[in-house]
Amino acid sequence: MEFVSGYRDEFLDFAALLFGWFRKFVAERGAAGASVDGRWQQLETQIRRLPQDPALWVLHVLPNHSVGISLGQGAEPGPGPGLGAARLLGDEPPLHLRDLSPYVSFVSLEEEEEENEEEEENVEEEGAGMEKVEPEEGGEPAPVSSETPQEANPPGEPEEAEQEAGGGEDGCREDRAEDETGPERRKGRRSEAAPLHLSCLLLVTDEYGTILGIDLLMGGAQGSAGRVSGTENLAPRAYALLCHSMTCPMGSGDPRKPRQLTVGDAQLHRELESLVPRLGVKLAKTPMRTWGPQPGFTFASLRARTCHVCHRHSFEVKLTPCPQCSAVLYCGEACLRADWQRCPDDVSHRFWCPRLAAFMERAEELATLPFTYTAEVTSETFNKEAFLASRGLTRGYWTQLSMLIPGPGTPRHPWGSTPSLNLLLGGSWQDYYTWRGLSLDSPVAVLLTYPLTVYYVITHLVPQSFPELNIQNKQSLKIHVVEAGKEFDLVMVFWELLVLLPHVALELQFVGDGLPPESDQQHFTLQRNGPEVSARSGPGVSARLNSGTKEKGGHRDLQIKVSARPYHLLQGPKPDLVIGFNSGFGLKDTWLSSLPRLQSLRVPAFFTESSEYGCVMDDQTMAVATGGGTSPPQPNPFRSPFRLRAGDNCMPWYCNAFIFHLVYKPPQGNGARPAPRPAPPAPTPAAPPVPARRRRGEKKLRRGARRRR
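Computed from a predicted structure; not experimentally measured.

**Re the overall build of the chain**
Reasoning step 1: On a plain count of helices and strands, the chain comes out with 23 helices and 20 strands.
Reasoning step 2: Out of the 709 residues belonging to the chain, those deemed buried represent 50%.
Reasoning step 3: Intrachain contacts of the chain at a sequence separation of at least 6 include 75% that bridge at least 24 residues.
Reasoning step 4: Carbon and sulfur atoms form 49% of the exposed surface of the chain, whose accessible area is close to 33900 Å².

**Remarks on the side chain of Ser611**
Reasoning step 1: Assignment of secondary structure puts Ser611 in the loop between β17 (605-609) and α22 (612-626).
Reasoning step 2: Not counting residues within four places of it along the chain, the set of residues in contact with Ser611 comprises Pro652, Trp653 and Phe658.

**A few points about the side chain of Lys257**
Reasoning step 1: Mapped onto the fold, Lys257 is located in strand β6 (residues 257-263).
Reasoning step 2: It is Glu44 that comes nearest to the buried, bridge-free Lys257 among opposite-charge side chains, at 12 Å.
Reasoning step 3: A polar contact is formed between the side chain of Lys257 and the backbone oxygen of Arg48, at a distance of 3.0 Å.

**Concerning the packing of aromatic side chains**
Reasoning step 1: A complete count under the given rule lists 20 aromatic pairs for this structure.
Reasoning step 2: Where Phe488 meets Phe510, the ring centres are 5.5 Å apart and the plane angle is 55 degrees; that geometry is what we call tilted. Of this pair, Phe488 sits in helix α19 (residues 486-489) while Phe510 sits in strand β11 (residues 505-511); the two residues are 22 residues apart in sequence, bridging distant segments of the chain.
Reasoning step 3: Residue classification places Phe488 among the buried positions, given a relative accessible area of 1%.
Reasoning step 4: Owing to a relative accessible area of 0%, Phe510 belongs among the buried residues under this scheme.
Reasoning step 5: Through successive ring pairs, a cluster of aromatic residues spans Phe371, Tyr373, Phe382, Phe387 and Phe642.
Reasoning step 6: Above the plane of the ring of Phe351 lies Arg355, whose end atom (NZ or CZ) is 3.7 Å from the centre.

**Examining the packing of helix α21 (residues 591-601) against α22**
When two helices pack together, their arrangement is given by the angle between the helix axes and by the axis-to-axis distance.
Reasoning step 1: Remark: α21 packs on α22, axes separated minimally by 9 Å, with the N-to-C direction vectors making an angle of 75 degrees. The pairing of α21 with α22 is recorded here as roughly perpendicular in orientation. Contacts between α21 and α22 involve Leu592, Leu595, Pro596 and Gln599 from the first element and Thr621, Met622, Ala625 and Thr626 from the second.
Reasoning step 2: Residue composition of the contact of α21 with α22, grouped by class: 5 nonpolar, 3 polar and no charged.

**Notes on the pairing of β11**
Reasoning step 1: Counted residue by residue, β11 has 6 buried out of 7 residues, so it is predominantly covered.
Reasoning step 2: Pairing of strand β10 (residues 476-482) with β11, which is carried by 7 bridges, proceeds in the parallel orientation. Within β11, the position partnered with His480 by the bridge is Gln509.

**A look at helix α11 (residues 333-340)**
Reasoning step 1: Turning to α11, its buried residues number three or more, namely Cys335, Leu336, Asp339 and Trp340. Along the axis of α11, the buried residues cluster in a sector spanning 135 degrees; they form a single face.
Reasoning step 2: Structurally, α11 contributes buried residues whose contacts are with β9 (329-330) and α12 (349-360).

**Concerning the nonpolar core**
Nonpolar side chains tend to gather and get buried jointly when the protein is soluble and globular.
Reasoning step 1: By size, the foremost hydrophobic cluster in this structure holds 63 residues, and its most contacted members are Ile479, Phe494, Leu506 and Phe510.
Reasoning step 2: In contact with Phe510, not counting residues within four places along its chain, are Val481, Ala484, Glu487, Phe488, Val491, Phe494, Leu515, Ile560, Lys561, Val562 and Ser563.

**Focus: the pattern of salt bridges**
Reasoning step 1: This structure, assessed with the given rule, holds 17 salt bridges.
Reasoning step 2: When the shortest N-O distance is used, the salt bridge between Asp53 and Arg256 registers 2.9 Å. With a gap of 203 residues between them, Asp53 in strand β1 (residues 52-63) and Arg256 in the loop between α9 (235-247) and β6 connect regions that are remote in the sequence.
Reasoning step 3: Judged by its relative accessible area of 14%, Arg256 is buried.
Reasoning step 4: Here Arg237 and Asp215 are joined by a salt bridge, their closest N and O atoms 3.0 Å apart. Taken together, the residues Arg237 in helix α9 and Asp215 in strand β5 (residues 211-221) connect sequence positions 22 residues apart.
Reasoning step 5: On the basis of relative accessibility, which here comes to 0%, the residue Asp215 falls in the buried class.
Reasoning step 6: The structure contains a network of salt bridges with shared partners spanning Arg362, Glu365 and Glu612.

**Points about the pairing of strand β4 (residues 196-206)**
Reasoning step 1: With 11 of 11 residues buried, β4 is to be regarded as a mostly interior element.
Reasoning step 2: Both β1 and β4 contribute to a ladder of 7 bridges, which runs antiparallel. Each residue of the ladder has a partner; that of Val61, found in β4, is Leu202.

**Remarks on the environment of Val603**
Reasoning step 1: Counting through the fold element by element, Val603 comes out in the loop between α21 and β17.
Reasoning step 2: Judged by its relative accessible area of 3%, Val603 is buried.
Reasoning step 3: For Val603 and Tyr664, which are 61 residues apart along the polypeptide, the C-alpha to C-alpha distance reads 9.4 Å.

**Observations regarding the confidence of the model for the chain**
Reasoning step 1: Looking at the chain, pLDDT values average 74 and 65% of them are 70 or higher.
Reasoning step 2: Taken together, the stretch residues 74-90 has pLDDT below 50 and engages in 38 contacts with residues farther than four places along the chain or on a different chain.
Reasoning step 3: In the predicted structure, residues 412-426 sits below a pLDDT of 50 and forms 50 contacts with residues beyond four places in sequence or in another chain.

**Examining α12**
Side chains of residues three or four places apart in an α-helix project in the same direction, reflecting 3.6 residues per turn.
Reasoning step 1: All of the buried residues in α12 are His349, Phe351, Trp352, Cys353, Pro354, Arg355, Leu356 and Phe359.
Reasoning step 2: Contacts made by the buried residues of α12 are with β9, α11, α13 (363-366) and α22.

Reading the values: the criteria
Residues numbered from 1 in each chain as written. Predicted model: local features only at pLDDT ≥ 70, side-chain atom pairs only at ≥ 80, totals over all residues. Heavy atoms only, no water. Helix = DSSP H or I, 4+ residues; strand = E, 2+ residues; numbered from the N terminus. Buried < 20%, exposed > 50% of the residue type's maximum accessible area, 1.4 Å probe, protein only. Contact = heavy atoms within 4.5 Å. Areas by Shrake-Rupley, 256 points an atom, 1.4 Å probe, with all protein chains shown as cover. Lys, Arg positive; Asp, Glu negative; His and termini not counted. Salt bridge = Lys/Arg side-chain N within 4 Å of Asp/Glu carboxyl O. Polar contact = N/O pair within 3.5 Å; in protein donor to acceptor, adjacent residues only side chain to side chain. Phe/Tyr/Trp six-rings, centres within 6.5 Å; stacked < 30°, edge-to-face > 60°. Lys NZ or Arg CZ within 6 Å of the ring centre and 35° of its normal. Axes fitted to C-alpha atoms, helices over the stretch in contact; angles between N-to-C directions. Parallel < 35°, antiparallel > 145°, perpendicular 65-115°, else oblique. Nonpolar A, V, L, I, M, F, W, Y, C, P; charged D, E, K, R; others polar. Pairing = 2+ DSSP bridges. Arc of directions from axis to C-beta. Core = buried A, V, L, I, M, F, W, Y, C linked by side-chain atoms within 4.5 Å. pLDDT = per-residue confidence, 0-100.

What follows is the structure, encoded as structure tokens:
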């Protein structure tokens, strides 16, 4: 698929932006040199002429002592193209944070430090014993005994030291073979690459949290991380970072300088007192003594976009949408023409341009919602992180909607800190609000879009499309949720289905190879115990939801099953209904096997997509995989109100925006026809649209046309 805006984790786009800006900054800083004298005069003159930003800017100095970066196989060390940056910005970018686990992961340096200390003690004890037992003929200790204690500390060398130790006398090998849990085994576990230590982070933001620039100070491997000395010699790097942040701000907006700057480190503040005035910027009289997340402060969702063809960011080039469809962003006519002429034709912008123009016409319809905050959350410049933080929605299930990621060792499911139901069941679209008696100001429709979509499929779409099933009169329903991911992380919100359908026994089976392997074959029950809802799956697993609202149903329990495998490998009884959320058939090869499996089962299968573009791609994939197709998509009245960020296009993307069902290929010998397909789009234009030019350029173009005639 050409566009992955509705499917890719926002954190990956954020990381790609950080690395892209950082690489550009490092390249330009290297070209200008590290000295603040002489070579910076021209840049300083340029900055003094920039317009002034009325907002206060902050230079944060953030030391890091607890989290390291582990590079897996195929990743290059160092802060440049390493750290997985190339993979983040490649032609086939990953869709989920877990896709980077073979390349980059975060580790706890505190645990590494403890293991290193234990290894040093063990090696010293063994080395001391070997000095007494295995002397050389000349009376000097063997190389093993002298090198091992000393070479346990340097980063990246424990494996080599251990190999040298193994090359000593046979008695040393025998001693190690007897104890397989010794230091050699523990060292072998990390011998591929010692974790890198990001010793300090220099961060430039404005007072509202918009990130304007970043610099990473790498302390090397963890063994030497602790010897990085605070903020010594940071002034040249900090000054270069400030200059680059003003001429090329990362977040958004044109080049500008702040009216005032404050620094979060006393020593660095003193060193910058003579440098910052050169830029025409006022430095605060005293440094910022402490810094932390204040009530009105959050790192804003960055709105830097990219060219659809060359992937350069808006801080590098000026981006403009296609003059004809206004859907796709390009950095210039060269990239637009290259995309227009791509082969084969059905992947070219020439083919998609009129179709994307039709998709853009849906923007107003999708933004028609009853919430008090609709205008804010459906805007192209929607700042989701600030919206959530301003309402205190930074814990529990709300973290599944933000770019907040768990630290090393954090469990996947927040069973012990699940929010109360008066937060989870906070609202739905107009009729549901009234029925629940809740305020239109509640944003929890973002969470409830999943169970309410299931409810809409059961009560409206299945009776319309498959009336012979008589689904509304069934006393029990088995539903498969295929290619589940985020939906399983929000599993507790599906309790609302029992409130909406109190007399139906429901079983939800979450299926997908993206589910945590440790959850495979789990089976638990959401139960109502008076005003509380609890989840039980055996000893040691229990969670409880305290309801602050009056429950209307809850006469039955909700059975939850988990199968961490592709759908075509699932064994078991046939379900009554199959549902998939934001499916993206064209993004995963397993769909080419799972769709034929659904074709053989011939059960009603409904899927949502975040855009009409995704629906068209799903129809094409279904045709390739089975010879069938999909029904015409229709807007989902229970779509999420939050507009999703789009990096290289301006199309409206919303979670669960559209719904369609699979149209299976008729069995052989059956003359039945498939459901009608969507009407053919407008004819494809022959030539790429000409970008708007200035008036003088238009006159030249007309004169050239007259000459040709």
